[in-house]
2 protein chains.
Amino acid sequence: MNPMQLLVIGGVAGGLSFATRARRLNEEAEITVLERGPDISFANCGLPYHIGGEIPNRDSLTIQTPENLKEMFRLNVRINCNALQIDREKKRVLVVDRISNEQEWISYDRLMLAPGARPLMPDIPGVNDPAVFTLRNLQDMDRIIEMTRPGMRAVVVGGGYVGLELLEQLHKKGLRISLVQLHSHVLTYFDKRVIQPLQDELHVNGIETWFNNHFTAFNREGDVLKCQLATGDVLEADMVIFSIGVRPESDLAREAGLVLSEAGHIVVNEFMQTSDPDIYAAGDVVQTRERYFGQRVAVALAGPANRQGRVAADHIFLQSLAQPYPGSIGTSIVRLFGMVAAGTGWTEQALVESSRSYNTVTVHEHQHASYYPGAEMIMLKLIWEPETGIVLGAQATGRDGVDKRIDVLATAIIARMTIDDLCHLELAYAPPFGTARDIINIAGFAATNMRDGLVQLINYIPDDPAVQILDVRPAPIAKKAPLDGAIHIPYATLRKNLGKLDRNRPVIVICMLGRTSYFAARVLAQKGFHAVSLSGGLRGLGSTEKGGLYAPCSPCATC
Amino acid sequence: MNPMQLLVIGGVAGGLSFATRARRLNEEAEITVLERGPDISFANCGLPYHIGGEIPNRDSLTIQTPENLKEMFRLNVRINCNALQIDREKKRVLVVDRISNEQEWISYDRLMLAPGARPLMPDIPGVNDPAVFTLRNLQDMDRIIEMTRPGMRAVVVGGGYVGLELLEQLHKKGLRISLVQLHSHVLTYFDKRVIQPLQDELHVNGIETWFNNHFTAFNREGDVLKCQLATGDVLEADMVIFSIGVRPESDLAREAGLVLSEAGHIVVNEFMQTSDPDIYAAGDVVQTRERYFGQRVAVALAGPANRQGRVAADHIFLQSLAQPYPGSIGTSIVRLFGMVAAGTGWTEQALVESSRSYNTVTVHEHQHASYYPGAEMIMLKLIWEPETGIVLGAQATGRDGVDKRIDVLATAIIARMTIDDLCHLELAYAPPFGTARDIINIAGFAATNMRDGLVQLINYIPDDPAVQILDVRPAPIAKKAPLDGAIHIPYATLRKNLGKLDRNRPVIVICMLGRTSYFAARVLAQKGFHAVSLSGGLRGLGSTEKGGLYAPCSPCATC
């Protein structure tokens with residue numbers, strides 16, 4: 001039998017994990033990898049960090065070379081090589097060498113499509129100006145680095161992961177940064193409140209922000225690019241970088257008649273087979289399934305891409321031993337200056353859009369023992385299915401320990417754990433690493449308290465004269481940032497001051513972090529009041545522009 | 001109806017979590033907390049860190065005061081108060097005020113026993129010398145601090161969590177430290193290989209170690225304490241601190257006729273009820289169940305104690321809504337200088353002792369993208385049940401990111417996830433936080449590869465002339481730390497050099513971290529060799545005393 005011919009289009013995450021796994025499973029196969037660019041398997045997630053100098057050595061971003069992959073895995077890697085056409089009938093691909101311009105047909109028994117996705121650019125006047133960039137590969141990165149000088153005015157368009165990373169790194173290089181974002185906040189994938197600390201971080205670091213806005217045109221006037229906003233404002237900039245999302249590189253697949261989604265992603269089954277069973281696809285170009293409800297999603301992240309490539313190779317060579325790709329829950333993380341935001345599973349926003357029922361709590365706790373130096377507050381929002389208690393999603397922000405909590409909750413979501421299970425997760429505790437009751441346990445406690453009817457929660461401060469707003473924060477804090485229209489009774493004196501409240505009107509109890517208000521609500525409920533606690537407290541609820549409502553506070557044991 | 005009388009013996013983790021939860025569930029109950037010492041709810045896990053000055057402020061260790069607990073939770077806290085006798089028939093406890101020496105009977109409807117455990121001291125001559133210490137409370141801590149001076153010789157006895165924390169902090173204060181340990185390595189709860197990096201850390205930091213040894217007597221000669229070891233050696237010391245384990249404070253329970261375990265722990269059911277249903281117990285004094293196989297265990301840790309107290313309060317006041325305590329998996333963590341060790345679930349050693357079947361792999365990966373500054377290698381040992389693939393235990397060491405991986409795996413164990421599930425955990429990835437294939441995914445890949453017959457693994461280097469030892473490390477590394485008796489063929493040249501190997505004898509393939517040897521074993525297996533890969537490579541396998549075998553190496557992409 002002739003060795004199997006494997007042809008791989010795309011030599012980064014999905015393509016190379018496919019090719020190397022295929023080699024480990026089959027020593028005889030002929031494996032050819034085509035890469036459009038000059039670099040194979042480069043670290044695309046590291047590009048922003050080299051721009052800012054945080055990753056000082058450019059060479060560290062080029063993980064593999066064709067020579068190295070030949071030696072290690074006997075791969076035939078062809079860089080600067082474009083695939084032009086798939087001939088499914090004859091099972092061959094027309095390729096062109098971008099240097100020599102020579103064309104040839106390469107045959108395959110199995111084809112892997114892992115061409116990735118390209119950054120979106122709006123079709124507006126002036127967008128082709130040489131000072132307008134996107135960031136996809138090392139060459140884009142080099143051009144941006146070459147252009148940047150301290151003091152320059154740069155505009156980052158798009159407040160997603162890459163936009164925030166870019167913005168931070170350009171700021172680090174001494175550029176003056178503006179952020180233009182189509183939505184009302186960065187990371188539109190997140191629920192707004194939980195990323196308020198990131199919004200604050202932009203403010204503290206002097207980033208000029210333009211929310212609910214977008215560009216309509218660019219006009220060059222000498223050295224300056226005049227950037228026209230939809231609101232009529234004009235920004236003057238030396239450079240503009242678009243990071244407003246990506247579009248799957250699926251033209252080749254479309255022309256070959258493979259089934260695509262409406263958004264243009266290649267549709268695959270659980271073994272990454274396209275509508276042609278001899279053609280597989282993986283990475284940013286494909287549409288897979290969400291892991292819980294099973295609806296179709298496209299997740300352009302490195303982790304899924306790597307694992308999808310492996311699944312496809314297993315399906316070809318391990319047959320019945322191959323495990324299907326189980327779908328994605330969209331776990332993601334980003335650092336912005338000192339703050340980290342991470343999320344996994346469903347957001348409240350996405351559940352509302354899908355008309356699914358859910359419950360949610362927001363809790364605060366330090367990442368490690370509060371008495372151990374460097375304690376920092378984490379804000380965690382937990383979302384679950386009311387009927388079953390099964391955890392659907394979680395989002396968190398904080399300066400440290402956020403990645404750990406989201407990874408634990410991603411695991412819990414994949415395992416279909418319930419809010420009861422979270423109460424008794426047994427996580428590692430020593431003062432430098434955690435607390436005896438981890439914030440995840442606390443989220444479980446809060447959720448089960450709500451489920452068991454021990455506390456009623458509300459996620460906003462109602463503007464309703466029929467309710468009483470009770471501020472139970474300690475006097476010094478309440479004095480510093482008073483809450484207009486609230487009755488102030490510090491929790492420690494509440495039992496003695498119940499006479500100050502009207503038993504016939506609901507009481508909305510408020511503190512800074514949502515814990516003391518829960519304690520107070522328990523006292524009130526047992527004394528016959530209709531008490532409702534503000535989930536998660538004031539922190540992150542109002543934004544800084546609301547003045548008195550929200551004041552960033554240092555952690556206080558009594559609040 | 002009269003308010004319920006709750007009496008709590010012990011005012012730290014289990015006792016106070018019981019009392020405060022009880023108050024939140026019942027505003028009317030009369031709740032009295034008796035604490036033997038002068039401090040309520042102090043941070044006992046923080047004691048070693050104040051000795052070393054890492055937690056500079058002593059006050060931060062006293063989390064609550066009786067006054068504060070009165071205000072917040074209407075608790076009647078009595079410090080310096082000893083319980084002398086339980087009269088189960090009349091449901092009352094005889095207590096003595098240690099300051100006034102006055103005795104009185106206090107009645108209860110429900111009693112909570114949370115007296116904790118006391119440090120063990122061996123019954124050997126001279127052990128009562130004032131320079132011989134244990135560390136349980138703030139007063140012990142103060143005495144140790146008062147005595148310590150830079151340059152002093154201190155001996156820490158016991159290489160468990162507290163022993164290692166103490167040793168590190170005393171070293172930080174400039175003392176010269178010896179460690180005496182009964183076993184062959186520190187953290188006897190861990191499997192030996194995975195904590196080798198901690199053993200190395202002791203060596204690098206100049207800690208004198210006496211393994212497989214213990215003291216038989218102490219003789220004071222003027223200012224010097226002569227400490228007699230079982231091996232005949234004598235250590236001269238200025239102070240000695242024992243941290244060789246704890247003994248449950250269960251005398252009161254025993255005298256009251258409650259059922260105890262052989263080791264003296266109070267036996268409780270899943271709602272923390274003792275053999276007397278009106279008496280509950282929680283924390284270091286109780287025996288609960290291991291969560292997977294259900295055998296009885298005693299886990300003296302703050303996290304379980306806190307959650308047990310809460311379960312007991314729920315059982316009293318929430319009745320059918322109360323969730324049982326699900327048992328423990330023994331998740332734990334310790335930092336020693338720059339190195340962290342953490343574990344969860346079953347160890348190989350414990351499985352061998354219980355005659356249970358298991359499989360294991362050891363893998364290495366960085367905590368975050370290798371090209372991002374500060375990348376550090378983690379060593380992870382994964383243990384699973386061969387019949388089901390269910391994960392039973394995990395242990396890890398490394399400088400960073402160890403807590404996260406063990407917490408994820410603790411969650412996976414509680415959820416009864418399998419090695420297949422680990423392959424597709426979707427964990428948060430950005431260069432500062434993880435890798436596109438997390439070490440946990442890699443452990444899943446390695447385990448399923450083994451299960452699917454793709455690779456045979458071995459955990460040691462056999463001393464057997466019938467096998468060939470094949471060293472596939474790159475030439476510079478193999479030259480620096482040669483492997484005696486091995487055939488050296490760098491992996492990159494293996495395919496061209498198969499003729500150097502004997503096809504009729506098994507090949508044990510070896511590299512530094514266990515990854516390249518797996519690649520090589522796949523090549524060999526497909527070429528008809530009987531190839532076996534050394535799981536986890538050489539790192540941590542031999543100890544430093546074996547010289548050439550083990551050389552601590554910086555991470556290398558090709559190994």
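Being a predicted model, the structure only gives us computed values, none of them experimental.

**Regarding the overall build of chain A**
Tallying secondary structure elements over chain A gives 14 helices and 31 strands in all. For chain A, the C-alpha radius of gyration of 27 Å lies close to 24 Å, the compact-globule estimate for 559 residues. Principal axes of the C-alpha set define a box for chain A whose edges measure 90 × 65 × 40 Å. By the burial criterion, 60% of the 559 residues in chain A qualify as buried. Considering only contacts within chain A whose residues lie at least 6 apart along the sequence, 62% involve residues at least 24 apart. When the accessible surface of chain A is summed, it comes to about 21,000 Å², and 49% of that surface belongs to carbon and sulfur atoms. Within chain A, the 61 negative side-chain charges are centred at a point lying 6 Å from the centre of the 55 positive side-chain charges.

**Re the interface of chain B and chain A**
Contacts between the two partners involve 88 residues from chain B and, on the opposite side, 88 residues from chain A. Counting across the chain B and chain A interface gives 8 salt bridges. With a shortest N-O distance of 2.8 Å, Asp403(B) and Lys404(A) are connected by a salt bridge. At the junction of chain B and chain A, the tally comes to 46 residue pairs in polar contact (both at pLDDT 80 or more). Here the side of chain B that touches chain A takes 8 residues from helix H10 (residues 402-414) of chain B, the largest share from any one element.

**Some words on helix H12 (residues 439-451) of chain A**
Because an α-helix completes one turn every 3.6 residues, residues spaced three or four positions apart along the sequence face the same direction. All names here are of chain A. For H12, which comprises 13 residues, the first-to-last C-alpha distance of 18 Å matches the rise-based estimate of 18 Å (1.5 Å per residue) to within 8%. Across the 13 residues of H12, 11 count as buried, placing the element largely inside the fold. Its side-chain oxygen at 2.9 Å from the backbone nitrogen of Ile440, Asp438 defines the N-terminal cap of H12. In the stretch just after H12, Gly453 is the one whose phi turns positive, near 75°.

**A look at the sheet that holds strand S4 (residues 81-87) of chain A**
Neighbouring strands of a sheet are bound in pairs by backbone hydrogen bonds; such pairs are parallel or else antiparallel. Residue and element names in this part refer to chain A. Read across the sheet, 3 strands follow the order S4-S5-S6 without closing on themselves; strand pairing throughout is antiparallel. Only two strands of the sheet have a single partner each, and these edge strands are S4 and strand S6 (103-107). Here the average twist between neighbouring strands, direction ignored, is 30°.

**Details of the relation of the copies chain B and chain A**
Once turned by 180° and shifted 0.0 Å along the axis, chain B lies on chain A with an RMSD of 0.1 Å. Overall, the copies show the geometry of a two-fold rotation axis. Comparing contact sets, 100% of the residues at the interface of chain B also lie at the interface in chain A, consistent with an isologous, same-surface contact.

**A look at the side chain of Gln181(B)**
Residue and element names in this part refer to chain B. Residue placement: Gln181 occurs in the loop between strand S11 (176-180) and helix H6 (196-204). From its side chain, Gln181 meets the backbone oxygen of His185 in a polar contact 2.7 Å long. Not counting residues up to four positions away in its chain, the partners in contact with Gln181 are Gly158, Gly159, Val186, Leu187, Thr188, Trp210, Phe211, Asn212 and Asn213.

**Some details on the side chain of Ser535(A)**
All names here are of chain A. Summarising the element assignment, Ser535 is placed in the segment after strand S31 (531-534). Exposure remark for Ser535: the relative accessible area of 3% places this residue in the buried category. At 3.0 Å, the side chain of Ser535 and the backbone nitrogen of Thr362 are in polar contact. Beyond its immediate sequence surroundings of up to four residues, Ser535 is in contact with Arg193, Val361, Thr362, Leu457, Ile458 and Asn459.

**Looking at the confidence of the model for chain A**
Residues and elements named next belong to chain A. Scored by pLDDT, chain A comes out at a mean of 94, with 97% of its residues at no less than 70. The model gives residues 543-559 a pLDDT under 50, and that stretch makes 31 contacts with residues more than four places away or in other chains. The ipTM value of the predicted complex is 0.95, and its pTM value is 0.96.

**Considerations on the sheet that holds strand S4 (residues 81-87) of chain B**
All names here are of chain B. One open sheet holds the 3 strands; their spatial order is S4-S5-S6, and the pairing between them is antiparallel. Each of the sheet's edge strands pairs with one partner strand only, and the pair in question is S4 and strand S6 (103-107). Ignoring which end each strand starts from, the neighbouring axes of this sheet average 30° apart. For S4 and strand S5 (residues 92-97), the ladder comprises 6 bridges, and the chain directions are antiparallel. Bridge pairing links Cys81 to Asp97 in S5.

**Structural notes on helix H14 (residues 516-526) of chain A**
Summarising burial for H14(A): 9 of the 11 residues are buried, a large majority. Where H14(A) is concerned, the buried positions are Thr516(A), Ser517(A), Tyr518(A), Phe519(A), Ala520(A), Ala521(A), Arg522(A), Val523(A) and Leu524(A). On its buried face, H14(A) sits against H12, strand S28 (468-471), strand S30 (507-510) and S31 of chain A together with helix H1 (13-25) and helix H3 (66-73) of chain B. At the exit of H14(A) stands Gly528(A), carrying a positive phi of roughly 90°.

**With respect to the packing of H14(A) against H1(B)**
Running from amino to carboxyl end, H14(A) crosses H1(B) at an angle of 45°, the nearest separation of the two axes being 8 Å. One element, H14(A), and the other, H1(B), form an angle in the oblique class. Mapping the contact onto sequence places Tyr518(A), Phe519(A), Arg522(A) and Gln526(A) in H14(A) and Arg21(B), Arg23(B), Arg24(B) and Leu25(B) in H1(B). Class assignment of the residues belonging to the contact of H14(A) with H1(B) gives a composition of 3 nonpolar, 1 polar and 4 charged.

**Focus on the pattern of salt bridges**
All names here are of chain A. Here the structure, examined in full by the defined rule, presents 66 salt bridges over all chains. The partner of Glu236 in a salt bridge is Lys226, with the nearest N and O atoms 2.8 Å apart. Placement of Glu236 in strand S15 (residues 234-237) and of Lys226 in strand S14 (residues 224-229) is noted, with a sequence separation of 10 residues between them. On the basis of relative accessible area, Lys226 is assigned to the partly exposed category, the value being 23%. Taken together, the shared-partner salt bridges in this structure form one network comprising Arg153, Glu221, Lys226, Glu236 and Asp238.

**Comments concerning the pairing of strand S20 (residues 286-289) of chain A**
Remark: a regular strand shows side chains that alternate across the two faces of the sheet. All names here are of chain A. Two strands pair when backbone bridges link them, and strand S18 (residues 266-267) and S20 are joined in this way by 2 bridges, in the parallel orientation. By the bridge assignment for S20, Val267 is matched with Gln287. Relative to strand S21 (residues 296-297), S20 runs antiparallel, the two being bridged by 2 bridges. When the bridges of S21 are listed, Arg289 appears paired with Arg296. Hairpin remark: S20 followed by S21, antiparallel, with 6 residues in the connecting loop; positive phi at Gly294, about 85°.

**Some points on the packing of H1(B) against helix H8 (residues 302-317) of chain B**
Residue and element names in this part refer to chain B. Put simply, H1 and H8 touch, their axes get as near as 7 Å, and they point 35° apart. With respect to the hand of their crossing, H1 and H8 are arranged in right-handed fashion. Along its contact with H1, which presents Ala13, Gly14, Ser17, Phe18, Arg21, Ala22 and Leu25, the element H8 presents Ala302, Ala305, Asn306, Gly309, Arg310, Ala312, Ala313, Asp314, Ile316 and Phe317. Here the contact of H1 with H8 is built from residues that sort into 10 nonpolar, 4 polar and 3 charged.

**Focus on unusual backbone geometry**
All names here are of chain A. With a phi close to 50°, Arg74 is a non-glycine residue in the positive phi region. In this structure, Arg74 sits in the loop between helix H3 (66-73) and strand S3 (76-78). Positioned with a positive phi, Met272 is a non-glycine residue whose angle comes to about 70°. Along the chain, Met272 falls in the loop between S18 and strand S19 (279-281).

**Here's the deal with the environment of Glu255(A)**
Within the fold, Glu255(A) resides in helix H7 (residues 251-255). Sequence-wise, Glu255(A) and Gln85(A) are 170 residues apart; in three dimensions their C-alpha atoms are separated by 7.6 Å.

**Quick look at the pairing of strand S13 (residues 215-221) of chain B**
In the sheet, S13(B) pairs with strand S14 (residues 224-229) of chain B via 6 bridges, with the strands oriented antiparallel. Each residue of the ladder has a partner; that of Asn219(B), found in S14(B), is Lys226(B).

**Details of the packing of aromatic side chains**
Tallied over the full model, the rule gives 18 aromatic pairs over all chains. Between Phe73(A) and Phe519(B), the ring centres sit 5.0 Å apart and the planes meet at 65°, which makes this aromatic pair edge-to-face. Highlighted residues: Phe73(A) in helix H3 and Phe519(B) in helix H14 (residues 516-526), drawn from two different chains. Of the residues examined, Phe519(B) reaches a relative accessible area of 3% and is grouped as buried. With a centroid separation of 5.1 Å and an interplanar angle of 55°, the aromatic rings of Phe215(B) and Phe218(B) are classed as tilted. Here the aromatic residues Phe73(A), Tyr491(B), Tyr518(B) and Phe519(B) are joined through ring pairs into a cluster of three or more. In this structure, Arg92(A) is placed above the aromatic ring of Trp105(A), and the distance from its NZ or CZ to the ring centre is 3.8 Å.

**Concerning the environment of Ala230(A)**
All names here are of chain A. Following the sequence through the fold, Ala230 ends up in the loop between S14 and S15. Among the residues examined, Ala230 registers a relative accessible area of 43% and is labelled partly exposed. Separated by 18 residues in the primary sequence, Ala230 and Asn212 have C-alpha atoms spaced 9.3 Å apart. Excluding its chain neighbours within four sequence positions, the residues that come into contact with Ala230 are Asn213, His214 and Thr216.

What counts, and at which threshold
- Residues numbered from 1 in each chain as written.
- Chains lettered and ligands numbered in written order.
- Predicted model: local features only at pLDDT ≥ 70, side-chain atom pairs only at ≥ 80, totals over all residues.
- Heavy atoms only, no water.
- Helix = DSSP H or I, 4+ residues; strand = E, 2+ residues; numbered from the N terminus.
- Rg over C-alpha atoms; globule rule 2.2 N^0.38 Å.
- Buried < 20%, exposed > 50% of the residue type's maximum accessible area, 1.4 Å probe, protein only.
- Contact = heavy atoms within 4.5 Å.
- Areas by Shrake-Rupley, 256 points an atom, 1.4 Å probe, with all protein chains shown as cover.
- Lys, Arg positive; Asp, Glu negative; His and termini not counted.
- Charge placed at Lys NZ, Arg CZ, Asp CG, Glu CD.
- Salt bridge = Lys/Arg side-chain N within 4 Å of Asp/Glu carboxyl O.
- Polar contact = N/O pair within 3.5 Å; in protein donor to acceptor, adjacent residues only side chain to side chain.
- Expected span 1.5 Å × (residues − 1).
- Pairing = 2+ DSSP bridges.
- Axes fitted to C-alpha atoms, helices over the stretch in contact; angles between N-to-C directions.
- Least-squares fit on C-alpha atoms with pLDDT ≥ 70 in both.
- pLDDT = per-residue confidence, 0-100.
- Parallel < 35°, antiparallel > 145°, perpendicular 65-115°, else oblique.
- Nonpolar A, V, L, I, M, F, W, Y, C, P; charged D, E, K, R; others polar.
- Left-handed = near helix turned anticlockwise from the far one by under 90°.
- Phe/Tyr/Trp six-rings, centres within 6.5 Å; stacked < 30°, edge-to-face > 60°.
- Lys NZ or Arg CZ within 6 Å of the ring centre and 35° of its normal.

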